[in-house]
Amino acid sequence: MLRLFFALWPDEHVRAEIQAFATSLPLKNARLVAEKNIHITLAFLGNVDEPTCNALIKGANSIRVAPFSLSLDSLGWWKKPKIAWLAPSAWPDELSRLAEGLHVLSRECGMSLEERSYRPHLTLARKVTATVPDISPEPISWNI
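As the structure is a prediction and not an experimental result, all values here were calculated from the model.

S.K.: What's the story with the environment of Leu-4 in this structure? I'm lost.
M.R.: For Leu-4, the location among the structural elements is in strand 1 (residues 2-8). The class of Leu-4 is partly exposed, set by a relative accessible area of 23%. For Leu-4 and Val-48, which are 44 residues apart along the polypeptide, the C-alpha to C-alpha distance reads 6.8 Å. Not counting residues up to four positions away in its chain, the partners in contact with Leu-4 are Phe-44, Leu-45, Gly-46, Val-48 and Cys-53.

S.K.: How should I be thinking about the sheet that holds strand 2 (residues 31-32) in this particular structure?
M.R.: Backbone-to-backbone hydrogen bonds pair the strands of a sheet. The strands run either parallel or antiparallel. On the basis of which strands lie adjacent, the open sheet formed by five strands has the order 2-6-5-4-7 and antiparallel pairing. Taken across any chain shown, the strands that pair with only one partner, and hence form the sheet edges, are strand 2 and strand 7 (140-143). Pairing of strand 2 with strand 6 (residues 122-126), which is carried by two bridges, proceeds in the antiparallel orientation. Paired with Leu-32 across the bridge in strand 6 is Ala-125. Its contacts with the sheet place helix 1 (residues 12-24) against strand 2, strand 4 (69-78), strand 5 (83-88), strand 6 and strand 7, and it is angled at close to 155° to strand 7.

S.K.: Would you mind going over a nonpolar patch on the surface with me for this structure?
M.R.: Where nonpolar side chains cluster on the molecular surface, the patch consists of Phe-5, Trp-9 and Phe-44 and spans about 310 Å² of accessible area. Mapped onto the secondary structure, Trp-9 falls in the loop between strand 1 and helix 1.

S.K.: Help me understand the packing of aromatic side chains, please; the structure alone is not making it clear to me.
M.R.: Aromatic ring pairs are reported here in terms of the distance separating the ring centres and the angle at which the planes meet. The full count for this structure, using the stated rule, is two aromatic pairs. The interplanar angle of 35° and the centroid separation of 6.2 Å between the aromatic rings of Phe-5 and Trp-9 together place this pair among those described as tilted. Residue Phe-5 is classed as partly exposed on the basis of its relative accessible area, which comes to 33%. With a relative accessible area of 45%, Trp-9 lands in the partly exposed category. Between Trp-78 and Trp-85, the aromatic rings sit 5.3 Å apart at their centres with planes inclined by 40°, giving tilted as the arrangement. A relative accessible area of 8% means that Trp-85 is categorised as buried.

S.K.: It is not clear to me how the side chain of Gln-19 should be interpreted in this structure. Could you clarify?
M.R.: Take Gln-19: it is sitting in helix 1. Exposure remark for Gln-19: the relative accessible area of 15% places this residue in the buried category.

S.K.: I'm lost on the state of the cysteines in this one. Help?
M.R.: Simply put, the disulfide is a covalent bond whose two ends are the sulfur atoms of two cysteines. Following the criterion strictly, the structure yields zero disulfides and no others. Note on Cys-53: no disulfide assigned, nearest cysteine sulfur contributed by Cys-109 at a separation of 10 Å. Given a relative accessible area of 11%, Cys-53 falls into the buried group. Assessed through its relative accessible area of 23%, Cys-109 is described here as partly exposed.

Thresholds applied
Residues numbered from 1 in each chain as written. Predicted model: local features only at pLDDT ≥ 70, side-chain atom pairs only at ≥ 80, totals over all residues. Heavy atoms only, no water. Helix = DSSP H or I, 4+ residues; strand = E, 2+ residues; numbered from the N terminus. Buried < 20%, exposed > 50% of the residue type's maximum accessible area, 1.4 Å probe, protein only. Contact = heavy atoms within 4.5 Å. Pairing = 2+ DSSP bridges. Axes fitted to C-alpha atoms, helices over the stretch in contact; angles between N-to-C directions. Patch = residues over 30% accessible without salt bridge, like charges linked within 9 Å, V, L, I, M, F, W, Y side chains within 5 Å. Areas by Shrake-Rupley, 256 points an atom, 1.4 Å probe, with all protein chains shown as cover. Salt bridge = Lys/Arg side-chain N within 4 Å of Asp/Glu carboxyl O. Phe/Tyr/Trp six-rings, centres within 6.5 Å; stacked < 30°, edge-to-face > 60°. Disulfide = S-S within 2.5 Å.

Dropping the structure here:
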């Protein structure tokens, strides 16, 4: 079994900008996400066997949306999972269609996914035990 998810992976330049922003935050005792692991999850699949993985890859290759851009401009913190995150305050329909297409595909392949609405974000740090500073980050532009 493989533990899988669909995600958007930023290019080197955008990753470096995100990492520089994350390291500038005063997050005591938090564990920053490694630069190479920075991503926005589109659909978390969990444990997947090889035949299902192959079907998911084949199906995902047929999903098409127009190129789009994100502006990562919102900083937040979720208390229970103790993570600091960066997200777009608004996002284009293309991103929603991409995530929904992957969710539909995953369900068609027998996966059971969370039913809550899709809210794109990327995790900056884990084990964040106090709220993040109330700041408006300088937007980071990401072309996808």
